[in-house]
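# Structural characterization, general
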Amino acid sequence: MAKVPKPDELAQIEHRPPESPWTETPVEFRPGTYCYGAKPQNIEPVDMPNPRDWNPADEDWKLPENWKQTVLDGMKLRLNRFRSFKLFMDICVRCGACADKCHYFIGSGDPKNMPVLRAELMRSVYRNDFSTFGKMLKKYAGARELTEDVIKEWFYYYFQCTECRRCSVFCPYGIDTAEITIIGRELLNEIGCQIDWIAGAVANCYRTGNHLGIQPHAFRDMIEFFVDEIEEVTGVRVEPTFNRKGAEILFITPSGDVFADPGTYTLMGYMMLFHEIGLDYTWSTYASEGGNFGLFTSHEMMKRLNAKMYAEAKRLGVKWILGGECGHMWRVINQYMDTMNGPADFLEVPKSPITGTVFENARSTKMTHIVEFTADLIRHGKLNLDPSRNDNKIVTFHDSCNPARAMGILEEPRYILRNVCNHFYEMPENTIRERTFCCGAGTGLNTDEYMEMRMRGGLPRANAVKYVHDKFGVNMLANICAIDRAVFPPLMDYWVPGVDVTGIHELVANALIMKGEKKRTTDLRYEPLPGMEEEEEEEEDV
Ligand code: SF4
Ligand code: SF4
């Protein structure tokens, strides 16, 4: 892993553009700022083209012979297929409203990370090959030929965009640069230019059902390990079931929650909640992944990896699907799943068996987000909660890009937080809700070789956390995304030491007074549970 400069060095950001015009400024593959190329063993299993050993820093990328025609044909196909893509190529007026809204531009100062210029990398080729005006006036109309250097530039900058869509919130024309990045990555994939961190997850997911390559028996073992952990802390033995036909609800969450801290604490939180309310649910060891790195690869791959959700729901005969805390997982579900792999007419509109609430917003997908489900439980007084059990946590909330901007899930997590903890503070207004800043490493960019860029891209979010850390003593960053839970710990250690990271359902679990629980003295991390230490001391005195 390339050495990351110290925070005070990295914070010296040069926002002055280079002397040379952007078209003549070559891309530099500097360690720490780009991701490794996909290994053949990770693209062969999913039949993606041009498997080979290659390194983006090499001169020769070993592109296929017909690479140029492949890319131009791919562009033509997509210009016909996606009206939005054609529109976004045509309508930008270069007003610059988006220019300073991207976290990567703010953190790097690189003009090609301005959304307008990121899109221009492709628009210039569009003008050259697909617009009459551009064909006639060439560079005077902002057109340029597709060359290997342009491909390298696309690779560098389309894997320096997290498809977060913050820029689109500020564009008066609604241009969504994330959609351009999606197409850019698709085209790169057609000539074998994928990054390995995504390709590995895709191949694993295709083979085993989840990004981490966990086999069904190991997936089950891991969840059963958490059953023991929960019993150790609470005295209550929860009883998850697996692949159970006839269960009312299928529960699917990102595999990151099964595998890595602090997501595992959130996973235990789900299991405690479900036990407490007596939910009739099952896990699937086949649909063992909510996330979908296919979204970062191509529409086709997204569809292939998503298909298992409805397939498993059908096989098991459940009524509807409940989904865990994740970001991009919900973008796929909310925006694409029902038309890609549906309609799921064999399922019912989700209805909470505890409160009777019908989630009309999920009428089409038949899948409900757990924060909507839990907020509804709280609103109906179905949970016995003691928020003081989280009194050692001074919490702020990060709106994950996809649930916030692609789904409008803004109030539910805040409603839950206000019910499960007593100390909750918002970050500055221009950094939350629809205007939230990305964690800096979404869309499959949370790989270690990319650490410098992750720290740069995460700077605006970290800066807002630092503000509430300094002002209110915030020591816990809550979120509802598995990638956030993986990305934030190193980001906080780097920019705002002293701030830890949690999912919302970990905080729910701390506050939840379970029927039959023993006197709980610790939380799920085996750290003291506030209010319980004194009782322990009193008992010792007696
Ligand atoms: S805000 Fe929209 S129209 Fe203005 S430069 Fe950015 S993409 Fe173009
Ligand atoms: S989608 Fe996000 S990462 Fe991509 S250009 Fe826009 S603000 Fe930057």
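Look a little higher up for the structure.
Keep in mind it's a predicted model, so treat the numbers as computed, not measured. (Residues numbered from 1 in each chain as written. Chains lettered and ligands numbered in written order. Predicted model: local features only at pLDDT ≥ 70, side-chain atom pairs only at ≥ 80, totals over all residues. Heavy atoms only, no water.)

### A word on the packing of aromatic side chains
When we look at a pair of aromatic rings, we describe it by the centre distance and by the angle of the planes. Within the structure shown, the criterion is met by 24 aromatic pairs. Arranged with centres 4.9 Å apart and planes meeting at 80°, the rings of Tyr156 and Tyr157 form a pair that is edge-to-face. Both residues of the pair, Tyr156 and Tyr157, belong to the buried class. Clustering of aromatic rings is evident, with ring pairs tying together Phe29, Tyr34, Trp54, Trp61, Phe155, Tyr156, Tyr157 and Phe159. Above the ring of Trp54, the side-chain terminus of Arg52 is found at 4.5 Å from the ring centroid. Over the ring of Phe437 we find Arg166, and its NZ or CZ is 3.7 Å from the ring centre. (Phe/Tyr/Trp six-rings, centres within 6.5 Å; stacked < 30°, edge-to-face > 60°. Buried < 20%, exposed > 50% of the residue type's maximum accessible area, 1.4 Å probe, protein only. Lys NZ or Arg CZ within 6 Å of the ring centre and 35° of its normal.)

### Concerning the packing of helix H17 (residues 370–379) against helix H19 (residues 411–420)
Orientation of H17 relative to H19, taken along the N-to-C sense of each, is 45°, at an axis distance of 9 Å. Our classification of the angle between H17 and H19 gives oblique. For the crossing formed where H17 meets H19, the hand is left-handed. Side by side, H17 and H19 meet where Val371, Glu372, Thr374, Ala375, Ile378 and Arg379 of the first sit next to Glu412, Pro413, Tyr415, Ile416 and Asn419 of the second. Grouping the amino acids of the contact of H17 with H19 by side-chain chemistry returns six nonpolar, two polar and three charged. (Axes fitted to C-alpha atoms, helices over the stretch in contact; angles between N-to-C directions. Helix = DSSP H or I, 4+ residues; strand = E, 2+ residues; numbered from the N terminus. Parallel < 35°, antiparallel > 145°, perpendicular 65-115°, else oblique. Left-handed = near helix turned anticlockwise from the far one by under 90°. Contact = heavy atoms within 4.5 Å. Nonpolar A, V, L, I, M, F, W, Y, C, P; charged D, E, K, R; others polar.)

### Digging into the site of ligand 2
In the neighbourhood of ligand 2, the contacting residues comprise Cys102, His103, Pro115, Arg118, Cys161, Thr162, Glu163, Cys164, Arg165, Cys167 and Thr177. Counted by class, the shell around ligand 2 contains five nonpolar, three polar and three charged residues. (Near = heavy atom within 4 Å.)

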